[in-house]
Amino acid sequence: MAGIVDINGHPTWLEDRGGNGASLLLLHGGLSNSDALLGTIGAGLAEHYRLIAFDRPGHGYTADTDADFHYSDMAREAVSVLEKVAAGPAHLVGWSDGGIIALLVALARPDLVAKMVVIGTNYHVDGHPAR
């Protein structure tokens with residue numbers, strides 16, 4: 001199933017590929033969308049997991065908003081997807097900004113994170129070369 005769902009009052013594109021395994025939420029990077037992960041690692045993961053992905057506001061198939069981009073807001077969106085769609089704990093796979101979001105979700109709501117893989121992710125501002 002792919003389509004628009006309401007996440008925190010904003011129409012959000014989401015894909016739920018179903019499956020019989022545990023839920024796995026893919027979190028895309030900045031200036032990207034879920035297609036980047038669904039099209040590369042998604043096929044292999046969908047064989048074993050219920051694969052869920054969504055495009056954050058201003059990315060991919062989800063319209064932009066007037067709000068500024070903040071990681072805390074992005075983490076709240078991911079928590080809402082976990083609560084509303086996954087209906088409980090899930091594995092998180094995040095790339096770049098998606099990895100940062102996964103880390104923030106794990107800090108805020110460890111009850112919703114079964115396992116986590118982060119790829120190309122800054123975990124502390126001291127590790128960022130632009131600082």
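Scroll up to find the structure.
Calculation criteria
Residue positions within a chain follow its written sequence, with the count starting from 1. With pLDDT at 70 or above as the cut-off, local features in this predicted model cover only qualifying residues; side-chain atom pairs require 80 or more to be listed or tallied, and sums for whole chains, interfaces and linings still use all residues. To get the side-chain values, take all heavy atoms of the structure and skip hydrogens and water. Side-chain rings of Phe, Tyr and Trp (the six-membered ring for Trp) are treated as a pair once their centres are within 6.5 Å; stacked means planes under 30 degrees apart, edge-to-face means over 60, and tilted covers the remaining angles. The secondary structure listing takes helices from DSSP runs of H or I that are at least 4 residues long and strands from runs of E that are at least 2 residues long, numbered from the N terminus. Only protein chains enter the area calculation, which uses a 1.4 Å probe; residues under 20% of their type maximum are buried, those over 50% are exposed, and those in between are partly exposed. Grid points spaced at 1 Å and placed over the protein atoms alone form the basis of the search, with a cavity being a set where a 1.4 Å probe fits but cannot get out and a pocket an open set showing protein on both sides within 12 Å along at least five of seven lines. Lining residues have an atom within 4 Å of a point. Grid points are joined across faces, edges and corners, and a volume is the space filled by probe spheres set on the points. When residue character is reported, Ala, Val, Leu, Ile, Met, Phe, Trp, Tyr, Cys and Pro are called nonpolar, Asp, Glu, Lys and Arg charged, and the others, Gly included, polar. By definition, no residue in a patch forms a salt bridge, and every one has over 30% relative accessible area; like charges are joined within 9 Å, nonpolar side chains (Val, Leu, Ile, Met, Phe, Trp, Tyr) within 5 Å. Each accessible area value is a Shrake-Rupley result obtained with a 1.4 Å probe; residue values ignore everything except the protein chains displayed when judging cover. Note on definitions: salt bridges are taken to be side-chain nitrogens of Lys or Arg within 4 Å of carboxyl oxygens of Asp or Glu. In plain words, nonpolar cores are sets of buried Ala, Val, Leu, Ile, Met, Phe, Trp, Tyr and Cys residues tied together by side-chain atoms within 4.5 Å. Two strands pair under a simple rule: DSSP has to find at least two bridges between them. Convention adopted: a line fitted to C-alpha atoms gives each axis, helices being fitted over their contacting stretch, and angles between N-to-C directions are expressed from 0 to 180 degrees. Residues count as neighbours in contact if any of their non-hydrogen atoms are within 4.5 Å of one another.

Asks: Give me the lowdown on the packing of aromatic side chains, citing residues and values where you can.
Replies: Taken as a whole, this structure holds one aromatic pair when the rule is applied. With 5.2 Å between their ring centres and 50° between their planes, Trp13 and Tyr61 make a pair best called tilted. Taken together, the positions of Trp13 in strand E2 (residues 10-16) and Tyr61 in the loop between strand E4 (50-54) and helix H2 (71-86) put the pair 48 residues apart, joining distant regions of the chain. With a relative accessible area of 48%, Tyr61 lands in the partly exposed category.

Asks: Tell me about the layout of surface pockets, residues and numbers included.
Replies: Estimated volume of the largest pocket: approximately 210 Å³. If you trace the largest pocket, you find 15 residues lining it, with Pro57, Thr65, Ala67, Asp73 and Glu77 closest to the centre. Broken down by element, the lining of the largest pocket gets its largest block of residues, three residues, from H2. For the lining of the largest pocket, the class distribution of residues is five nonpolar, five polar and five charged.

Asks: Residues and numbers for a nonpolar patch on the surface, please.
Replies: A cluster of nonpolar side chains, Trp95, Val117 and Ile119, forms an exposed patch at the surface whose accessible area comes to about 240 Å². Summarising the element assignment, Ile119 is placed in strand E6 (residues 113-119).

Asks: Provide a residue-level description of the nonpolar core, including the pertinent values.
Replies: By size, the foremost hydrophobic cluster in this structure holds 23 residues, and its most contacted members are Leu25, Val81, Leu82 and Val105. For this core, the secondary structure elements donating two or more residues are strand E1 (2-7), strand E3 (23-27), E4, H2, strand E5 (90-95) and helix H3 (97-108). If you tally residues by element for this core, the top one is H2, at eight residues. Membership of the second largest hydrophobic core comes to nine residues, among which are Leu26, Leu37, Ala53 and Val93.

Asks: Tell me what's going on with the sheet that holds E6, and back it up with residues and numbers.
Replies: Spatially, E1-E2-E4-E3-E5-E6 is the arrangement adopted by the six strands of the open sheet, whose pairing is mixed. Both outer strands of the open sheet, E1 and E6, are each paired with one neighbouring strand and no more. Strand-to-strand twist across the sheet, computed as the mean angle between neighbouring axes with direction ignored, equals 25°. Pairing of E3 with E4, which is carried by four bridges, proceeds in the parallel orientation. Across the sheet, Leu24 pairs through a bridge with Leu51, a residue of E4. Relative to the sheet, H3 contacts E3, E5 and E6, its axis offset from that of E6 by approximately 150°.

Asks: Could you give an account of unusual backbone geometry, with specific residues and numbers?
Replies: Apart from glycine, the bulk of residues carry a negative phi angle, and the bulk of peptide bonds sit in the trans form. Residue Asn8 is not a glycine yet carries a positive backbone phi of 55°. One can find Asn8 in the loop between E1 and E2. Phi at Ala87 takes a positive value of approximately 55°, unusual for a residue other than glycine. By secondary structure assignment, the location of Ala87 is in the loop between H2 and E5. Its relative accessible area of 61% is what places Ala87 among the exposed residues.

These figures come from the coordinates and say nothing about function on their own.
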